[in-house]
Amino acid sequence: MQDSRQRAPKPQPEEPRDRHKVFWIYLLVLGGGAALFFLGGLLLRNPNLPSYLYSQVTSWLKNQNNPASLPRPSASPKSAEDYLALTHYDVRTLTPEQRAIALALADAIGNATALQDRLIALEQTVRNDLPSLKSANALSAYAKLKPQAAKLLDAANQQKLFFENLQSTLAEQLEKNGVREELAKQVAALVYQDTPGRKAVDQATKSDQLATEILAIANLLEETPSKWRVSSDGTIQSPDKKLEEEYQTHAAALRAAASTSNQ
């Protein structure tokens, strides 16, 4: 005769994730308790704190929603510094003419910063790979580095062109927005000085030299692949005297460019 009673189910083993859940619940309870204890003590020592915080937030929101309470620039800026300062005011406090001037200045400054940041990042990427050019795989390393060098050269040319034309282009924009010609030139010169334009042009020139020499060697090796030998220390040589001289000229220029930092 079979026993009709059902057997009690066996207890399931505790899974690791269950223990993790318990740990996080325990941590949440402790953290919440500590936070409540801290806030309670803070309120006991500073009973007026809630009303103070409320008044501060209300005042801030009121100022944000009320442009009349915000600081305003002079109705008629007199100097180059006054015009440059327009970029620091809330646009709601500016006249339409001032807003157009501030936008032109902000665009010029923003583009200058973006170009310099891009060039620095690209050059650092190229410099990080320079040690590979002195290895037994130097030939393939040059081929691998060629696309990055091309990007660096393009960025250097863009930055150089932008800063060489910055003063004239910006001055022209400011004149169109009502700034007197002489004052517009002064404002543009101040922006060029602050970016700083001269350093940016020098930076672009150095990056151009670095990229140009890498591309020159990479193209030379690519066009005559069977003419080169590479030793274990990365020394590249060619039995062709003319090719060897051309390579050594570019290699020396590359070493000089690599030794100059843009940082």
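To start, this report covers the structure provided alongside it. All of these numbers come straight from a predicted model, not from anything done at the bench.

The next point concerns helix α8 (residues 241-258). Helix length check: α8, at 18 residues, gives a terminal C-alpha distance of 25 Å against a target of 26 Å (1.5 Å per residue), a fit within 8%. Within α8 the residues assigned to the buried category are Leu-243, Glu-244, Tyr-247, Ala-251, Leu-254 and Ala-257. Along the axis of α8, the buried residues cluster in a sector spanning 150°; they form a single face. What points out from α8, more than 90 degrees from its buried face, is the exposed set Lys-241, Lys-242 and Thr-249. Its buried side turned inward, α8 meets α4 (96-129), α5 (138-176), α7 (197-223) and β2 (236-237). For α8, the side-chain oxygen to backbone nitrogen distance between the N-cap and Lys-242 is 3.0 Å, and the N-cap itself is Asp-240.

Relative to the helices and strands, Gln-116 is located in helix α4. Discounting residues that sit within four places of it in the chain, Gln-116 has contacts with Gln-159, Phe-163, Thr-195, Pro-196, Ala-200 and Gln-203.

As for its position among the elements, Leu-145 is in helix α5. When its relative accessible area of 2% is taken as the criterion, Leu-145 is described as buried. A sequence separation of 66 residues divides Leu-145 from Ala-211, and the C-alpha atoms of the two residues are 9.8 Å apart.

On to unusual backbone geometry, then. Most of the time, phi is negative for any residue but glycine, and the peptide bond is trans. The omega torsion of the bond from Thr-195 to Pro-196 falls at -15°, within 30 degrees of zero and hence cis. Relative to the assigned elements, Pro-196 resides in the loop between α6 (181-194) and α7.

Take the nonpolar core next. Membership of the largest hydrophobic core comes to 29 residues, with the highest contact counts inside it found for Tyr-142 and Ile-214. Per-element tally for this core: the top contributor is α7, with nine residues. Other than its neighbours up to four places away in sequence, Ile-214 contacts Val-126, Leu-130, Tyr-142, Leu-145, Ala-149 and Leu-254. Formed by 26 residues, the second largest nonpolar core is a distinct cluster that contains Leu-84, Leu-105, Ala-112 and Ala-200.

Reading guide: rules and limits
- For every chain, the first residue of the written sequence is number 1, and numbering continues from 1 along that sequence.
- With pLDDT at 70 or above as the cut-off, local features in this predicted model cover only qualifying residues; side-chain atom pairs require 80 or more to be listed or tallied, and sums for whole chains, interfaces and linings still use all residues.
- Calculation of side-chain values draws on the structure's entire complement of heavy atoms; hydrogens and water are dropped beforehand.
- Helical segments are the DSSP runs of H or I of at least four residues, strand segments are the runs of E of at least two, and each set is numbered from the N terminus.
- Expected helix span is given by 1.5 Å per residue-to-residue step, counting one fewer step than there are residues.
- Burial classes: relative accessible area under 20% of the type maximum marks a residue as buried, over 50% as exposed, and values in between as partly exposed (1.4 Å probe, protein chains only).
- Comment: arc refers to directions from the helix axis out to C-beta atoms.
- Should any heavy atoms of two residues lie within 4.5 Å, those residues are counted as being in contact.
- Contacts described as polar in this section are N or O atom pairs within 3.5 Å, which, within protein, must combine one atom able to donate a hydrogen with one able to accept it, while residues neighboring in sequence count only if both atoms come from side chains.
- We call a set of buried residues a nonpolar core when its members are Ala, Val, Leu, Ile, Met, Phe, Trp, Tyr or Cys and they connect through side-chain atoms within 4.5 Å of each other.

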